[in-house]
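# Coordinate analysis (summary)
Each chain is listed here by its residues.
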Amino acid sequence: APLNLELFCRELIEEFSAVQTTGHQIVFICQSHNTEALMDEQLLHYMFINILSNAVKYSPSGGTILFDLTCDPVAGVSIFCIQDQGIGIPETDQTRLFESFYRASNVQSIQGTGLGLVIVRRCVEAHNGQISVVSQIAVGTTVTIVLPLNSEPLLNATID
Ligand code: ATP
Ligand code: MG
């Protein structure tokens, strides 16, 4: 069934925010009117919970996180942008973020397993999408995900 991405994101952010105790504010922006898509709601959920968890964990309490959704039905794509104002990722670590158990040199005192982005990448791939991370130390990190609007994965592609 078609998924309204704007509604989906709003509900996810509300649910996520409700269980945070760090005082972060997640600001959602969507300037697109038509946000209907065929995607796997469960996979999208895993994807955004992991990205938002990183944005919260790696930025100071009370910080602002921007979540921008843009849909372009003519081009057939959706663009999700999650931006934090956190500790950032050292340039030398940036190429290895999607490796299992890899964690950057500046997060050793912060709890984590190094698997969140592996899950994220699998969810993006299941939708034939693209993910990119742009980050600068002490400035922040922006994760951008581009997914085709009509990209409902085959069931067996999600469980391999
Ligand atoms: P977990 O498996 O619990 O999510 P993790 O957060 O360490 O552990 P990933 O989510 O896979 O693992 O992220 C990999 C690494 O990428 C992190 O350890 C961190 O170094 C870096 N990273 C990811 N997102 C951010 C972010 N928003 N700001 C700064 N560093 C980040
Ligand atoms: Mg993580």
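In the nomenclature of an unreviewed UniProt entry, the protein chain corresponds to histidine kinase from the organism Atlanticothrix silvestris CENA357. Word for word, the UniProt comment on the protein chain under Catalytic activity (unreviewed entry) is "ATP + protein L-histidine = ADP + protein N-phospho-L-histidine." Quoted straight from UniProt, the Function (unreviewed entry) entry for the protein chain says "Photoreceptor which exists in two forms that are reversibly interconvertible by light: the R form that absorbs maximally in the red region of the spectrum and the FR form that absorbs maximally in the far-red region."

## Some points on the nonpolar core
M47, I51, L52, A55, I82 and V120 are the most contacted members of the largest nonpolar core, which totals 35 residues. Elements with a contribution of two residues or more to this core: α1 (5-18), α2 (41-57), β4 (64-72), β5 (77-84), α3 (116-126) and β7 (140-148). Looking at this core, the element that brings in the most residues is α2, giving eight residues. Non-local contacts of I82, meaning those with residues more than four positions away in its chain, are made with I51, L52, A55, I65, F67 and V143.

## Quick word on the site of ligand 1
Around ligand 1, the structure places 20 residues, and the nearest of them are Y58, A104, G112, G116 and L117. A per-element tally of the shell around ligand 1 places α2 first, with three residues. Among the residues making up the shell around ligand 1, the classes are represented as nine nonpolar, nine polar and two charged.

## With respect to the packing of α2 against α3
Put simply, α2 and α3 touch, their axes get as near as 9 Å, and they point 145 degrees apart. α3 is crossed by α2, and the crossing has left-handed handedness. Together, L43, Y46, M47, N50, I51, S53 and N54 of α2 and G116, L117, I119, V120, C123, V124 and A126 of α3 make up the contact between the two elements.

## Looking at the UniProt feature "domain: Histidine kinase" (unreviewed entry) in the protein chain
Mapped onto the present numbering, the UniProt feature "domain: Histidine kinase" (unreviewed entry) falls at residues 40-151. Helix makes up 25% of residues 40-151 and strand 29%, and the two end C-alpha atoms of the span are 8 Å apart.

## So, α1
For α1, spanning 14 residues, the distance from its first C-alpha to its last is 20 Å, which sits close to the expected 20 Å at 1.5 Å a residue. For α1, every residue scored as buried is listed here: L5, C9 and L12. Looking down the long axis of α1, one finds its buried residues gathered within 70 degrees of arc, a one-sided arrangement. Opposite its buried face, α1 presents the exposed residues L7, E11, E14, E15 and A18, each directed more than 90 degrees away. Residues of α1 that are buried in the fold lie against β1 (3-4), β2 (25-30), β3 (36-37), α2, β4 and β5.

## Considerations on α3
Along α3, the residues classified as buried are L117, V120, C123, V124 and A126. Trailing α3 by a residue or two, N128 shows a phi angle of about 55 degrees, which is positive.

Rules used throughout
Residues numbered from 1 in each chain as written. Chains lettered and ligands numbered in written order. Predicted model: local features only at pLDDT ≥ 70, side-chain atom pairs only at ≥ 80, totals over all residues. UniProt positions renumbered as here; feature names shortened; annotations may be inferred. Core = buried A, V, L, I, M, F, W, Y, C linked by C-beta atoms within 7 Å. Buried ≥ 20, exposed ≤ 12 C-beta atoms within 10 Å, placed from the backbone. Helix = DSSP H or I, 4+ residues; strand = E, 2+ residues; numbered from the N terminus. Contact = placed C-beta atoms within 7 Å. Near = placed C-beta within 6 Å. Nonpolar A, V, L, I, M, F, W, Y, C, P; charged D, E, K, R; others polar. Axes fitted to C-alpha atoms, helices over the stretch in contact; angles between N-to-C directions. Left-handed = near helix turned anticlockwise from the far one by under 90°. Expected span 1.5 Å × (residues − 1). Arc of directions from axis to C-beta.

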